[in-house]
Every structure is written in C-alpha cells, then in structure tokens.
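# Examination of the molecular architecture
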Amino acid sequence: MALRPRDANAALGLLRNIPKWDCDQTELLRLAGSIFEDETDSDIIAVGRAYWHLSENLARALRLHPEFLAAFIQYGQIAILTPNDPYPSLVSRICRADPSRFERAFKSLPDKDQRYISSVIIQPQGCKQIAVPEAD
C-alpha cells in the first residue's frame, strides 16, 4: 500500500480525505498497528509509513490540486498534535512559495481557526513559522 500524491487522481483522493478532527487522526494511527490476524509485518509497516508521512504526502498532492490549500492549512491544528510531524516546516515552505495564494486561503478559514493557526503554527503575513516539530 502506497500513497501516490504525484498521481492526480490519487492526490485528489488523498486531499479529499484530509483529517478534520483529532479522532480522524487517531483512527489513522490505529491503522498503523496490527488490526487483523493475517496481517504481515510488511502490511503493518506500509500502513504505518502512510500515517507517518501524511503531511509530506498532502503537501506534495497540493502541487496538483492547490484548491485544497485552505484545508491543508486547517489540518495543521491536528498535525501539530504529533510532536515530530514536519507539518510546520512544510506549511511554511508552501507559504513562502506563493504568499498571496496562502494568505487568501488562510483568510477563507473561520476566524477562530485563523486566530489559533496564526498564534501557534504560522503567521501568514511574512510566512513566519511558529511551531517547531521535535524532530527539528
């Protein structure tokens, strides 16, 4: 099992299923462990890899479907709950690549989300990264 964010249809499917709630992310994490008796170690590793690289795959998929940028920005509220998720670095890079598009997508979010994201994850004006993953 592998995610193919460079394939337009696979990327679209991935972006349409961006976790929206913490419980969605928790369910993905559960998939990274053994669920069925007949699962092989390689099956478990493949699903785990998909979970641990979700932010990177979403960022790559955005190249093909930038209309999901607002959903990706909003996803940061969930992604930063995983201490070593590279989301903050990725969203900062995406912001710097096209600051005006980023700011438009950011401003389309609800005010509550804008306040949280701009105080904890990234300041959209200037693309200043606030959150730092533990891996950095």
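Up top is the structure.
Okay, the overall build of the protein chain next. Helices and strands together make up the secondary structure of the protein chain, namely eight helices and two strands. Burial status across the protein chain gives 42% buried among its 136 residues. Across the protein chain, every contact between residues at least 6 apart in sequence was considered, and the portion connecting residues at least 24 apart equals 63%. In the structure as shown, the protein chain presents an accessible area of about 8100 Å², 52% of it carried by carbon and sulfur atoms.

In this structure, the largest pocket encloses a volume near 320 Å³. Counting residues per element, the ones that place at least two in the lining of the largest pocket are α4 (54-62), α6 (87-97) and α7 (99-107). Class assignment for the residues of the lining of the largest pocket results in eight nonpolar, no polar and six charged.

The next subject is the packing of aromatic side chains. With the rule as written, the count across this model stands at two aromatic pairs. Here F72 and Y87 contribute two aromatic rings whose centre-to-centre distance is 4.9 Å and whose plane-to-plane angle is 45 degrees, an arrangement assigned as tilted. Taken together, the positions of F72 in helix α5 (residues 69-79) and Y87 in helix α6 put the pair 15 residues apart, joining distant regions of the chain. The residues F72 and Y87 share a single accessibility class, namely buried.

For A61, the position within the fold is in helix α4. Spatially, the C-alpha atom of A61 lies 9.7 Å from that of N9, the residues being 52 residues apart in sequence.

Helix α8 (residues 111-120) packs onto α5 with a crossing angle of 65 degrees between their chain directions and a minimal axis gap of 10 Å. When the axes of α5 and α8 are compared, the crossing they make is left-handed. When α5 is examined against α8, the residues I73, Q74 and Q77 are found in contact with a partner set consisting of D113, Y116 and I117. Taken together, the residues of the contact of α5 with α8 break down into three nonpolar, two polar and one charged.

One finds L58, I73, Y75, Y87 and V91 to be the most contacted residues of the largest nonpolar core, which totals 30 residues. Those elements giving two or more residues to this core turn out to be α1 (8-16), α4, α5, α6 and α7. Setting aside residues up to four positions removed in sequence, Y87 forms contacts with S55, F72, I73, Y75, G76, A79, I80 and I121.

Of all residues except glycine, most have a negative phi; of all peptide bonds, most are trans. If you check the backbone angles, C127 has positive phi at about 55 degrees while not being a glycine. Tracing the sequence through the fold places C127 in the loop between β1 (122-123) and β2 (128-129).

What counts as what
Along each chain, numbering runs from 1 in the same order as the chain's sequence is written. Where totals are concerned, whole chains, interfaces and linings use all residues; where local detail is concerned, this predicted model gives features only for residues with pLDDT of at least 70, and gives and counts side-chain atom pairs only at 80 or more. Only hydrogens and water are removed before side-chain values are computed, so all heavy atoms of the structure are retained for them. In this description a helix means any DSSP run of H or I spanning at least four residues, a strand means any run of E spanning at least two, and both kinds are numbered starting from the N terminus. Only protein chains enter the calculation, and the probe is 1.4 Å; a residue is then buried if its accessible area is under 20% of its type maximum, exposed if over 50%, and partly exposed in between. We call two residues contacting when some pair of their heavy atoms lies within 4.5 Å. Accessibility throughout is a Shrake-Rupley quantity obtained with a 1.4 Å probe, and a residue counts as covered only by protein chains that appear here. In this analysis a 1.4 Å probe is tested at points of a 1 Å grid over the protein atoms alone, and where it fits but cannot get out there is a cavity; an open set with protein on both sides within 12 Å along at least five of seven lines is a pocket; lining residues have an atom within 4 Å of a point. Grid points are joined across faces, edges and corners, and a volume is the space filled by probe spheres set on the points. In this classification, Asp, Glu, Lys and Arg are treated as charged, Ala, Val, Leu, Ile, Met, Phe, Trp, Tyr, Cys and Pro as nonpolar, and every other residue, Gly included, as polar. Any two of the Phe, Tyr and Trp rings considered here, Trp counted by its six-membered ring, make a pair once their centres fall within 6.5 Å; the pair's planes then place it as stacked at under 30 degrees, edge-to-face at over 60, or tilted in between. In this description, a line fitted to the C-alpha atoms serves as the axis of each element, helices being fitted only across the stretch in contact, and the angle between N-to-C directions of two axes falls anywhere from 0 to 180 degrees. By convention, the crossing between two helices is left-handed when the near helix turns anticlockwise from the far helix through less than a right angle, and right-handed when the turn is clockwise. Nonpolar core, defined: a set of buried Ala, Val, Leu, Ile, Met, Phe, Trp, Tyr and Cys residues in which side-chain atoms within 4.5 Å join the residues together.

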